[in-house]
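Spelled out, the chains give:
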Amino acid sequence: MTSTTTDLSAEAGARPVRKSSSGAAAPGPRRRTGRIRRPGWLRRATLPYLLLLPALLLELLVHLVPMVIGIVMSFKELTQFYIRDWGTAPWSGFDNYRMSVDFNAPVGEALLHSFLVTVGFTLLSVGLCWLIGTVAAIYMQDTFRGRGLLRALFLVPYALPVYAAVITWVFMFQHDNGLVNHVLHDQLHLTDKPSFWLIGDNSFVALLVVSVWKGWPFAFLIVMAGLQNIPRELYEAAALDGAGMWQQVRRITLPSLRPVNQVLVLVLFLWTFNDFNTPYVLFGRAAPQAADLISVHIYQASFVSWNFGTGSAMSVLLLLFLLVVTGVYLAITSRGRRTSDA
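Owing to the predicted nature of the structure, the values given are computational and were not obtained by experimental measurement.

A.B. asks: Describe the overall build of the protein chain, and please don't skip the residues or the numbers.
C.D. replies: In terms of regular secondary structure, the protein chain is built from 14 helices and 0 strands. Ordered by position from the N terminus, the helices and strands of the protein chain form the series α-α-α-α-α-α-α-α-α-α-α-α-α-α. The long-range fraction of contacts in the protein chain, counting pairs at least 24 apart against all pairs at least 6 apart in sequence, stands at 63%. Carbon together with sulfur atoms contributes 65% to the accessible area of the protein chain, which is approximately 22,500 Å² in total.

A.B. asks: Lay out helix 6 (residues 162–172) with the relevant residues and their values.
C.D. replies: Three or more residues of helix 6 are buried, namely Ala165, Val166, Trp169 and Val170. Burial along helix 6 is one-sided: seen end-on, the buried residues are contained in an arc of 145 degrees. Among the structural elements, helix 8 (202–227) and helix 12 (277–283) are those in contact with the buried residues of helix 6.

A.B. asks: Run through the nonpolar core, naming residues and quoting values.
C.D. replies: One finds Phe173, Leu207, Phe220, Leu227, Leu268, Leu282 and Phe283 to be the most contacted residues of the largest nonpolar core, which totals 44 residues. Every element with two or more residues in this core is listed here: helix 3 (106–139), helix 6, helix 8, helix 9 (232–240), helix 10 (245–256), helix 11 (258–273) and helix 12. Per-element accounting of this core gives the leading share, 13 residues, to helix 8. The next biggest cluster of nonpolar side chains, apart from the first, holds 9 residues, and it includes Phe269, Phe273, Ala301 and Leu318.

A.B. asks: Quick one: what's the story with the packing of helix 6 against helix 8, residue by residue and with numbers?
C.D. replies: Relative orientation and spacing of two packed helices are given, respectively, by the angle between their axes and the distance between those axes. It is at 11 Å that the axes of helix 6 and helix 8 come closest, and there the two elements cross at 140 degrees. As the angle between them shows, helix 6 and helix 8 are arranged oblique. For helix 6 against helix 8, the interelement crossing comes out right-handed. Seen from helix 6, the contacting residues are Val162, Ala165, Val166 and Trp169; seen from helix 8, they are Val209, Val210, Trp213 and Lys214. Of the residues in the contact of helix 6 with helix 8, the class split is 7 nonpolar, no polar and 1 charged.

A.B. asks: Let's hear about the pattern of salt bridges: which residues, and what values?
C.D. replies: Opposite charge on two side chains permits pairing when their charged atoms draw close. Per the stated rule, a full pass over the model turns up 1 salt bridge. Between Arg98 and Asp95 there is a salt bridge, with its nearest N and O atoms 2.8 Å apart. Taken together, the residues Arg98 and Asp95, both in helix 2 (residues 95–101) and 3 residues apart, mark about one turn of the helix. The exposed category is assigned to Arg98, whose relative accessible area is 51%. Residue Asp95 is classed as partly exposed on the basis of its relative accessible area, which comes to 41%.

A.B. asks: Requested: an account of the packing of aromatic side chains, with residues and values cited.
C.D. replies: In this structure the tally under the stated criterion is 23 aromatic pairs. Relative to Trp197, the ring of Phe173 has its centre 5.9 Å away and its plane inclined at 40 degrees; by these criteria the two rings are tilted. Pair noted here: Phe173 is in the loop between helix 6 and helix 7 (179–187) and Trp197 is in the loop between helix 7 and helix 8, with a separation of 24 residues, a long-range link. For Trp197, a relative accessible area of 13% translates into the label buried. Linked through ring pairs, Phe276, Tyr280, Tyr299, Phe303, Trp306 and Phe308 together constitute an aromatic cluster.

A.B. asks: Break down the confidence of the model for the protein chain for me, with residues and values.
C.D. replies: Averaged over all residues, the pLDDT of the protein chain equals 85, while 85% of them reach at least 70. The spread of mean pLDDT over the elements of the protein chain runs between helix 1 (residues 40–73), the lowest at 83, and helix 3, the highest at 95. Low pLDDT, under 50, characterises residues 1–17; the predicted model gives this stretch 10 contacts beyond four residues in sequence or across chains.

Criteria and thresholds
- Residues numbered from 1 in each chain as written.
- Predicted model: local features only at pLDDT ≥ 70, side-chain atom pairs only at ≥ 80, totals over all residues.
- Heavy atoms only, no water.
- Helix = DSSP H or I, 4+ residues; strand = E, 2+ residues; numbered from the N terminus.
- Contact = heavy atoms within 4.5 Å.
- Areas by Shrake-Rupley, 256 points an atom, 1.4 Å probe, with all protein chains shown as cover.
- Buried < 20%, exposed > 50% of the residue type's maximum accessible area, 1.4 Å probe, protein only.
- Arc of directions from axis to C-beta.
- Core = buried A, V, L, I, M, F, W, Y, C linked by side-chain atoms within 4.5 Å.
- Axes fitted to C-alpha atoms, helices over the stretch in contact; angles between N-to-C directions.
- Parallel < 35°, antiparallel > 145°, perpendicular 65-115°, else oblique.
- Left-handed = near helix turned anticlockwise from the far one by under 90°.
- Nonpolar A, V, L, I, M, F, W, Y, C, P; charged D, E, K, R; others polar.
- Salt bridge = Lys/Arg side-chain N within 4 Å of Asp/Glu carboxyl O.
- Phe/Tyr/Trp six-rings, centres within 6.5 Å; stacked < 30°, edge-to-face > 60°.
- pLDDT = per-residue confidence, 0-100.

This is how it looks when you write it as structure tokens:
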């Protein structure tokens, strides 16, 4: 039985202390503070976003601010005379855009040629990267001795720094003492004379070789990761039904890899279309006409011709083109995915 006693301090206005039958003092009511305690689930839900907030703000500053400045510059007559204070450059309206899309004028004609070269180069590079990476990933699914070492060797081009890898290819493409001419002309005798790979029409082939060599390991890595999610029982059942290797790839592997390939092709397209480091390191500031990619062309229009207004307008047009292509591609792939699921 519990009894309640009043201490001497109760006469001074203190709250009475409850004691149990054993004589131990029972804890009194907690004193409320002014701090509002949030529920635990709310703290757990907001903590990840709070941790990501500084990185997101920095990304917006790094990407969004230059983009806005570039759009503003595209509406100005910004030449070398206004480099010190580009804010004083006069507004030109849409003149830079009209000049860029006027394909009968020299500026627009050169931009159209660079755009067509870039489209052809991107389609070939993305197609070959995907094809080589997919074949290598399917081949690596089988267990054999040395598979781990071969996988590591396949990823070397992707792991190397871009500048170091491309500079190595520059030495290999040299006319007099390059490894490519030494193998093709001196050893295999496939050419009548050593070829110029960094100038003329062969520059497109050289650029394509370097781009595919550098990009196919990424496709190989992504496809190899996607193949891990395909159950082996499907291949065993298909083999019991008499399906050959090509039928298994066509009926099982490619349909199962469709979501992976959709993202892979889009990423490779955007990376290749915007690639600046490879042609710049391979050819320098003045790329040959056969390998005049639009990224280098915009660089030349801005930093060689000192017409930053026109170069900014070309960059905005390139951004709009990539946004439209990405939107159309995502719409088509999502519609195809809904149709296949239905």
